[in-house]
Amino acid sequence: MEANAQDRAESVVGQWEQDLPGAVLLDGFHALKHALRFGARVHLAVTSDKAAALALAAELADDLTGVLDGLLVEVPAQTLRELVPRVHATGVAALAARPERRANLDTLSRAPRKSPVVVLDNPRNLGNVGAVVRLAAGFGVTGVVTTGDLDPWHPNAVRSGAGLHYATAVERLPLEELPPGPLYVLDPEGDDIRSVSVPDDALIAFGSERHGISPELRSRATRLVALPMRPQVSSYNLATSVAMALFHWAGEAPGR
């Protein structure tokens, strides 16, 4: 690495350590790509192989090649290993500003909504949270709200969501502060979802992987709905359940 490049890399490392508290870690090329596409304010982006990262951009995100060329700073592989808990296979990492909470809350509460809000009731697996965010982004829903103590913006959730937290409104809220709208709760005792029309402004709620829907949320339900499932099968994976419910909602009207 040339002297000027070495100096820049050392400067970036110092800035990384300064900015890390409170920033969102974008772990990998795809997380950075999606975050940029959906308006994230990226403070720093580093890579152990800039040429390879730009080649990947040319192949998969040519709309961002110029932006990434100016943004990415090459650092030694050992330096990158010291900056992140686990180096992504693409050798790319970045720090970005988390969206303003007030703006997300305004998006979630705005009426009328043109798409549902997914509610995850006390989820326990950060990978599942990220997978649900990725689904929500793909279906174009208004947002994902979690209850409980897990932070949906935890680096493991952002990694699993491939940076698509920036494509939808993601927040953690107590039950009493859920956005307005009819509450459709997934529950084995509910009506078959295939017989139910889910409105665009609905909250669609899913229970935790182990314990299901809490009694508190269940008691607030506008309607209980169930996914079709073969007898003696215990449950679906959380992200699979969300995908099935959103696919049902999206299929109810052309153009969704």
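This text goes with the structure placed above it.
What counts, and where the lines are drawn
Residues numbered from 1 in each chain as written. Predicted model: local features only at pLDDT ≥ 70, side-chain atom pairs only at ≥ 80, totals over all residues. Heavy atoms only, no water. Axes fitted to C-alpha atoms, helices over the stretch in contact; angles between N-to-C directions. Helix = DSSP H or I, 4+ residues; strand = E, 2+ residues; numbered from the N terminus. Parallel < 35°, antiparallel > 145°, perpendicular 65-115°, else oblique. Left-handed = near helix turned anticlockwise from the far one by under 90°. Contact = heavy atoms within 4.5 Å. Pairing = 2+ DSSP bridges. Buried < 20%, exposed > 50% of the residue type's maximum accessible area, 1.4 Å probe, protein only.

Peer 1: What is the right way to read the packing of helix α2 (residues 29-37) against helix α3 (residues 50-60) from this model?
Peer 2: Two numbers describe a pair of packed helices, the interaxial angle and the distance between the axes. For the pair α2 and α3, the least separation of the axes is 11 Å and the interaxial angle reads 55°. The orientation of α2 with respect to α3, classified from their angle, is oblique. With respect to the hand of their crossing, α2 and α3 are arranged in right-handed fashion. Here F29, H30, K33 and R37 of α2 come into contact with α3, specifically with A53, L56, A57 and L60.

Peer 1: Please explain the sheet that holds strand β7 (residues 169-172) as it appears in this structure.
Peer 2: Remark on secondary structure: sheet strands pair via backbone hydrogen bonds, oriented parallel or antiparallel. Ordered by their spatial adjacency, 6 strands build an open sheet running β7-β6-β5-β9-β8-β10, and the pairing between neighbours is parallel. The two strands at the open ends of the sheet, each matched to only one other strand, are β7 and β10 (223-226). Averaged over all neighbouring strand pairs, the angle between strand axes comes to 35°, with direction disregarded. Packed onto the sheet, helix α6 (residues 101-109) meets β5 (117-120), β6 (143-146) and β7 and runs at close to 105° relative to β7. Of the strands in this sheet, β5 and β9 (203-206) are in contact with helix α10 (residues 238-251), which crosses β9 at around 155°.

Peer 1: Any chance you could explain the pairing of β9 here in plain terms?
Peer 2: Regular strands place their side chains on alternate faces of the sheet. The side-chain alternation of β9 yields two buried faces, one formed by L203 and A205 and the other by I204 and F206. Across 4 bridges, the pairing between β5 and β9 is parallel. Bridge assignment links L120 to a residue of β9, and that residue is F206.

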